[in-house]
Amino acid sequence: MPLPAPTDDTGLHAVGRLPMHSLRREPEVPLDGLWDFQLLPSPTAARSNRWATVQVPELWTMREPADPPHYTNVPMPFDEVPPAVPRANPTGVYRRTVSLSLRPGRRTVLHVGAAEGLLRAFVNGRPVGLSSDSHLAAEFDVTDAVVEGPNTVELVVSKWSAVSYLEDQDQWWQAGISRSVFLYSVPEVHLADLRVVADLDPATGRGSLQATVQTNGLAHLRDVEHTLQVEVLGRTEEVPVAPRVTAPTLPRGGDDRSTRPEPRLPADFMDLVSLNAASAPIPPEFRATPGMLGQQHRSSSPAGTAVVFLGDLDVRPWSAETPHLEELVVRLVDGGGEVVDETRTRIGFRRVRIEGPDLLVNGRRVLIQGVNRHDVDPCTGRVLSQERQLAELSLLKRCNVNAIRTAHYPNDPSFLDLCDRLGFYVVDEADVEGHAFASTIADDPPYLGAIVERVQRMVARDRNHPSVILWSLGNETGYGAAHDAAAAWVRHADPTRPVHYEGAVATDWHGGRAATDVVCPMYPTFDALRAYSADERTDRPLITCEYAYSQGNSTGGLAEYWELFESLPGLQGGFIWQFTDHALDPDGDGRHRYGGDFGDEPNNGPTLLNGVVFADLTPKPALYEARGLFSPVRLLSGADEALSGRVRLRNRQSFADLSGFELELRVETTAGPLGAVLVPTPDVAAGAEGGLVLPASVCDLLRSPAALALTLAVRTRGDALWAPSRTEVALQQVVLPRRPVPLPAGHAPEAEVRGDGAVEHPVLHRAPRLCLWRALTDNDRSFALDQRFVRSGFFRLTPTGTDVDRSAHGTVVTTRYAAAFGDEVVHRRTVRTIGPGDWVLREEVSLPEGTTDGLRVGVEFELVDGFEQAQWVGLGPWENYPDRAASALLGAWASPIDDLAVPYVLPQENGTRGGVTELRLSGPAGEVRAVSPTPLHLNVSRYTVDQLEGAAHWWELPPSRTTVVHLDVAHRGVGTALLGPDTRKPYRLSSREHAWEWQLTLTGPR
């Protein structure tokens, strides 16, 4: 009686799955497309006769109401403990019939690019394998299961298994088949794996190549006729495949006593084994047989493998700035000279090393200008098209991002191909996150093998990609024996790349050396970074694996981080959390959703809305802040030097000169940008500084009274896969001293105000009044801030009394407010009339005793319907805040009012621009002008603070033609307090007294 097929419903052990390899097999029978599908409540539930038709790859959770997406950050979405699996375990059955024409002498392999959940594969009703590891391919040899003609392939995916506890990443829980499925075939004797080390010697610029090839079907032979051909750089080398060699053993002593045996070995010869191992002096009598016995313990090429080494090669280096690739062709040739198997891959010659506190690529220290990236598409979940992948990487490249951490699992191999080709440094991260049980799971014996295997399979698949510079053991799984074991395996299997794991240094940045070669903390404070750099124990580079948390209106302090990264030893950049929002839009109606919107309980709500771009890849203002800080060119000069006709600049790149860019200068004025002119790109080597002589026309404009700043635009010179020629990648400025805008003195007649002290005009729906509150950002609500702003009570100001004092110097209106919890706020306004609808207003605000922080101090007014356009002189063009304004530009800007808002999915404070001295709003209803000698923070919106705070989604806000204007003399930065440092003290509102003066001019329709 035959034994039953092996099964393992835990998912901790694969069954029938082929070993992972780096070879790229082309589909012979593509299986993407239409499949039959039905969703079962559990793996053991009976199937029905009702089948739906679905398009594979797909995630059923994106379309099945019975099992929608579920978002949790740390906790599991079910109440179990490892390795228990919940009874309610949605299981999708995918079935397809395919006709095959089998080729004799070949093995047929089923490739499943990725299945989210526990995968069971069947062919013609026969079980062929079982796999977990949701973000790596599973391959099964189905030769014995397929037949000529029609074949039925069935893929059964159960959402939960024991390894679900290792996939507890901060993302949506999904299930289905997320990457391509296909069949391919190989000959009985075929290539099994390829490992390439394409090294570069930074000292000589010469390269070397070692290709280690493993075959299947030859390892048992003692006489092998097959050879390996390696073709690269116009050369072809051919080497034999190693045969099976009998392991050496000590000869038996002879029993022949008929003659006297001759002595062959010196006395104590066996001592050589330990003497060689100890590097001890070798006695003279042993030197005649050097290496004997010691050689027995040295490994040779395993049977069925071949190694090709090429040295002293003339190569072009690969780096993120110069991503030069070469094609490598490997052929397996039989004894008759026929090619029986072949593979092709693209390689890059480069070297990654850690020397002291520096991570070096090709011998040079590189700054990691990185982002964390998840697989996410708002309409398809984690099913990503090639077009989406290229769009993502192109956007990052255009914003000068040079590194990606594949948070928190290996990405599709095609994504790494693009990283190789476009130029990115990649931290390749294993699919290991046991966040809910991080304190125990890495030391839990049943999970040891699964953790190490996930790391091993990632390395085996991706080790030939030059873009991969660090191996990450996973994320937020504590620190335990499994990490030390995985790191040890990686270092032995691939000594060419360092190992990365944050958990090993989470509580001690100088510890965890067994599991990480870099210090890679999360969300460090600025003082902690300074302390690490100054510590005499520091001997590893610090590269933050996550920092600059970007949930909602956030990412404040990015410039402060980069001031440290670029100035202090041992600090080398990091990965912003994160690239894209995870909002989902399965219906394609633009109504992006977050945790809880699908009835998913428990959930972590909007926590996954923490990208620097929206889910549809529209950049948020935070990305433009990063783009400017990451610019390949930085202006170093101040205003005096620019006015003298010359500026200095630095090439921030590590390898490339500036010849790939064209430079354009223009002068920002109160009337707009003027005098744009292309200038010759200076010859400045990587990391060096150079000068730029300003054209006379630019110098003349800089000296004009209306000049605000000199702007340098950096654009690509030639076409690239990621951008056409003349794509703008950065804007840099030299800001000139600002001339205060004078306010008219006026004759100050008695101002016309209402009894409550408000000015009146037909275009005013609500007159200017004091405002101390903004729609709370995600960071404002941070647990770490302990409801600081709510405690102030400034969210509600109730007038308790108004005094109006009219005099020849103006009308003084003193309004006393009670904040929500009774504290008194005093607002004193002096109104001087300049003319009809034209006033100069002096504002003085006194906040309660004990006030040490706040959100805003300013005025708010509302206009009647009919205003459409905004123009301002100040910082722009995008939204900016005091601690996120390093890349904002000083100039004269214009925008439709509807476009000023930033539609964060969870509505909150948005759209503010700082440094504003002049404002003009216009439309059929009239014109509004505001002028201030003191730069103010401007916000022009269609919604009030209360409306923003009352909506759970941006798309819930009703259409509005109202115009709400805020002009603030003080506005708090946005910080990253939800997960990281709060707004730095210089950008908080610590003063109790505020005073400023401004002019308001109102004109009705003409």
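The structure displayed is predicted, hence computed values, not measured ones. (Residues numbered from 1 in each chain as written. Predicted model: local features only at pLDDT ≥ 70, side-chain atom pairs only at ≥ 80, totals over all residues. Heavy atoms only, no water.)

Time to look at the packing of helix α6 (residues 526-534) against helix α7 (residues 558-565). At a minimum axis distance of 11 Å, the contact between α6 and α7 shows a crossing angle of 5°. Of the possible angle classes, the one that applies to α6 and α7 is roughly parallel. Judged by residue contacts, Phe-526, Leu-529 and Arg-530 of α6 engage Glu-560, Tyr-561, Leu-564 and Phe-565 from α7. Residues belonging to the contact of α6 with α7 are distributed by class as follows: 5 nonpolar, no polar and 2 charged. (Axes fitted to C-alpha atoms, helices over the stretch in contact; angles between N-to-C directions. Helix = DSSP H or I, 4+ residues; strand = E, 2+ residues; numbered from the N terminus. Parallel < 35°, antiparallel > 145°, perpendicular 65-115°, else oblique. Contact = heavy atoms within 4.5 Å. Nonpolar A, V, L, I, M, F, W, Y, C, P; charged D, E, K, R; others polar.)

Before going further, it helps to spend a moment on the sheet that holds strand β19 (residues 235-240). In space, the 4 strands of this open sheet follow the order β19-β18-β21-β22, with antiparallel pairing throughout. Looking at which strands have only one partner, the edges of the open sheet turn out to be β19 and β22 (339-347). When the angles between neighbouring strand axes are averaged without regard to direction, this sheet yields 15°. With 5 bridges connecting them, strand β18 (residues 227-232) and strand β21 (residues 326-333) associate as antiparallel partners. (Pairing = 2+ DSSP bridges.)

Let us now look at the sheet that holds strand β12 (residues 149-158). Reading across from one edge, β3-β2-β6-β12-β9-β10 is the order of the 6 strands in this open sheet, with antiparallel pairing throughout. Looking at the sheet topology across the chains shown, the edges are occupied by β3 (52-56) and β10 (126-131). Each strand of the sheet is rotated relative to its neighbour by a mean of 30°, with strand direction disregarded. Alignment of strand β6 (residues 91-100) against β12, held across 10 bridges, turns out to be antiparallel. From the neighbouring strand, Thr-97 faces β12, where its bridge partner is Thr-152.

Side chains that differ in sign of charge can pair as their charged atoms come close. Inspection of every chain in the model, using the stated rule, returns 75 salt bridges. Where Arg-331 meets Glu-342, a salt bridge forms, and the shortest distance between an N and an O atom there is 3.0 Å. Here Arg-331, found in strand β21, pairs with Glu-342, found in strand β22; they are 11 residues apart in sequence, far enough to count as distant. Since its relative accessible area comes to 14%, Arg-331 is described here as buried. Looking at Glu-342, the relative accessible area reads 31%, which means it is partly exposed. With its nearest N and O atoms 2.5 Å apart, the salt bridge here joins Asp-462 to Arg-461. Residue classification places Asp-462 among the buried residues on the basis of a relative accessible area of 0%. Linked by salt bridges that have partners in common, Arg-179, Arg-373, Asp-375, Asp-377, Arg-388, Glu-392 and Asp-412 make up one network. (Salt bridge = Lys/Arg side-chain N within 4 Å of Asp/Glu carboxyl O. Buried < 20%, exposed > 50% of the residue type's maximum accessible area, 1.4 Å probe, protein only.)

This part takes up the UniProt feature "domain: Beta galactosidase small chain/" (unreviewed entry) in the protein chain. In this numbering, the UniProt entry assigns the feature "domain: Beta galactosidase small chain/" (unreviewed entry) to residues 752-1001. End C-alpha atoms of residues 752-1001 are separated by 14 Å, and the span's content is 4% helix alongside 48% strand. (UniProt positions renumbered as here; feature names shortened; annotations may be inferred.)

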